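Spelled out from the first residue to the last, the chains are:
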Amino acid sequence: MRQPTAGEALAAVLSAEYAAIYAYGRIGVRLTGAARESAHQAEAAHRRRRDALVVQLSTTGGTVPPGRAGYALPFPVTDRASALRLAVEVEERTAAHWRAALASTTGPDRDQALAALVEYAVRATRWRKTAGVTPPTVAFPGRPT
Amino acid sequence: MVFTCPVGIGRTTPRDQVSGHTRRKLLHAGALLALGGAATSLTGCDLFDRDDEPAPPPDPLRPMVDEALGLAAAYRATAAANPELTDRLGPIAETHTAHATELARVVGVTLPSAPAADPSATAATEPAGALAALRAREKTAQQSATAACAAAPAERAALLGSIAAARATHQEALK
């Protein structure tokens with residue numbers, strides 16, 4: 001299989017970040033207190049990465065994929081438990097896209113991809129702890145299972 | 001009798017100014033000098049350098065196999081000293097073993113069949129100190145995986161990225 005170019009890999013990451021931002025809109029309303037605040041912070045982090053990617057892809061002549069109005073969620077979010085489960089899923093999926101970008105990038109772009117992978121993997125672990133999932137870690141964060 | 005080198009063949013730098021003389025070659029040179037009765041210098045001569053094939057450089061990931069095994073051993077030692085932590089530490093020890101297995105596969109070495117004992121494991125006997133010690137080790141190990149990922153060829157970058165991320169999540173899990 002051909003290795004995607006850095007632009008292709010980052011465009012795929014951007015699409016995942018759009019979906020993550022949408023999902024956190026559905027997650028936040030099912031949470032309260034500290035968990036809701038954590039969801040807001042997570043959403044803000046995904047927005048920052050989205051914005052940075054749009055700028056990066058635009059200035060390097062890459063294709064900027066458009067965001068969509070809505071995304072199909074993997075399961076209905078109806079309560080706190082399903083909201084936390086989706087939050088874990090969102091972090092793992094976006095981490096997987098950044099992980100895939102590692103192979104297509106070098107230098108500062110790879111550093112940026114790794115920083116995102118690490119941050120999202122840690123946040124997935126925090127969400128698992130909040131949800132009481134044990135163990136709260138996976139062996140290979142972001143690796144497709 | 002003077003040993004001279006063929007002009008225009010091989011290097012132009014005097015041999016003794018570059019690294020690479022082995023003790024054995026120097027001894028060779030000395031022995032031949034003695035046999036020939038020549039007292040002059042061999043400086044600049046390539047005659048005895050024909051076996052100077054450098055060994056292939058060691059795989060930069062080889063030390064990470066040992067590092068991952070050492071981490072797994074540290075977790076096992078800590079869990080043995082603090083049985084109440086076994087449920088938390090066991091899965092992380094397994095993760096480090098899984099990392100060692102993957103790294104060994106990539107490097108092309110076989111893992112030792114007996115689990116490594118951790119020489120630096122003086123396993124703290126009170127849980128808080130033991131967890132803090134493991135967190136510190138994970139932080140250092142995360143840095144080494146981060147550096148390895150930055151320097152890795154494309155086909156290794158994703159594995160090393162996952163290992164760096166896993167070590168970060170372990171610090172979170174130990175809090």
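Computed from a predicted structure; not experimentally measured. (Residues numbered from 1 in each chain as written. Chains lettered and ligands numbered in written order. Predicted model: local features only at pLDDT ≥ 70, side-chain atom pairs only at ≥ 80, totals over all residues. Heavy atoms only, no water.)

## Examining the interface of chain A and chain B
Part 1 of the argument: In this complex, chain A contributes 22 residues to the contact, which on the side of chain B involves 26 residues.
Part 2 of the argument: Here chain A packs against chain B, burying approximately 1,800 Å² in sum over the two surfaces, 66% of which is carbon and sulfur.
Part 3 of the argument: Together, Arg110, Leu114 and Phe140 of chain A form the three largest contributors to the area buried by chain A at its contact with chain B, with a combined 28%.
Part 4 of the argument: Where chain A touches chain B, the interface holds two salt bridges.
Part 5 of the argument: One salt bridge connects arginine 126 of chain A with glutamate 172 of chain B, and the closest N-O pair in it is separated by 3.2 Å.
Part 6 of the argument: Where chain A touches chain B, the interface holds seven residue pairs in polar contact (both at pLDDT 80 or more).
Part 7 of the argument: Contributing elements (two or more residues each) for the side of chain A that touches chain B: helix H3 (80–104) and helix H4 (107–131) of chain A.
Part 8 of the argument: In terms of residue count, H4 of chain A provides more of the side of chain A that touches chain B than any other element does, 10 residues in total.
Part 9 of the argument: Of the residues that constitute the side of chain A that touches chain B, the class distribution is 13 nonpolar, three polar and six charged. (Contact = heavy atoms within 4.5 Å. Buried area = accessible area lost by both parts, 1.4 Å probe. Salt bridge = Lys/Arg side-chain N within 4 Å of Asp/Glu carboxyl O. Polar contact = N/O pair within 3.5 Å; in protein donor to acceptor, adjacent residues only side chain to side chain. Helix = DSSP H or I, 4+ residues; strand = E, 2+ residues; numbered from the N terminus. Nonpolar A, V, L, I, M, F, W, Y, C, P; charged D, E, K, R; others polar.)

## Looking at the nonpolar core
Part 1 of the argument: Ranked by internal contacts, the top residues of the largest apolar core, which has 42 residues, are Trp98 of chain A together with Leu103 and Leu160 of chain B.
Part 2 of the argument: Elements with a contribution of two residues or more to this core: helix H1 (6–28), helix H2 (33–59), H3 and H4 of chain A together with helix H2 (62–81), helix H3 (86–107), helix H4 (127–151) and helix H5 (154–173) of chain B.
Part 3 of the argument: Tallying contributions element by element places H4 of chain A first for this core, with eight residues.
Part 4 of the argument: Residue contacts for leucine 160 of chain B: discarding those within four places in its chain leaves Leu61, Met64, Leu103, Ala145, Ala148, Cys149 and Ala152 of chain B.
Part 5 of the argument: Counting 17 residues, the second-largest nonpolar core is a separate cluster that includes Ala20, Leu31, Leu84 and Leu86 of chain A. (Core = buried A, V, L, I, M, F, W, Y, C linked by side-chain atoms within 4.5 Å. Buried < 20%, exposed > 50% of the residue type's maximum accessible area, 1.4 Å probe, protein only.)

## Examining the pattern of salt bridges
Two side chains that carry opposite charge are able to pair once their charged atoms sit near each other.
All names here are of chain A.
Part 1 of the argument: Taken as a whole and judged by the stated rule, the model has 15 salt bridges over all chains.
Part 2 of the argument: Residue arginine 49 is joined to glutamate 119 by a salt bridge in which the shortest nitrogen-to-oxygen separation is 3.1 Å. Remark: glutamate 119 occurs in helix H4 and arginine 49 occurs in helix H2; sequence separation between them is 70 residues.
Part 3 of the argument: Residue glutamate 119 is classed as partly exposed on the basis of its relative accessible area, which comes to 26%.
Part 4 of the argument: Note that glutamate 91 is salt-bridged to arginine 123, the shortest N-O span being 3.5 Å. Highlighted residues: glutamate 91 in helix H3 and arginine 123 in helix H4, separated in sequence by 32 residues.
Part 5 of the argument: For glutamate 91, a relative accessible area of 0% translates into the label buried.
Part 6 of the argument: The exposure class assigned to arginine 123 is buried, which follows from its relative accessible area of 11%.
Part 7 of the argument: Linked by salt bridges that have partners in common, Arg49, Glu91, Glu119 and Arg123 make up one network.

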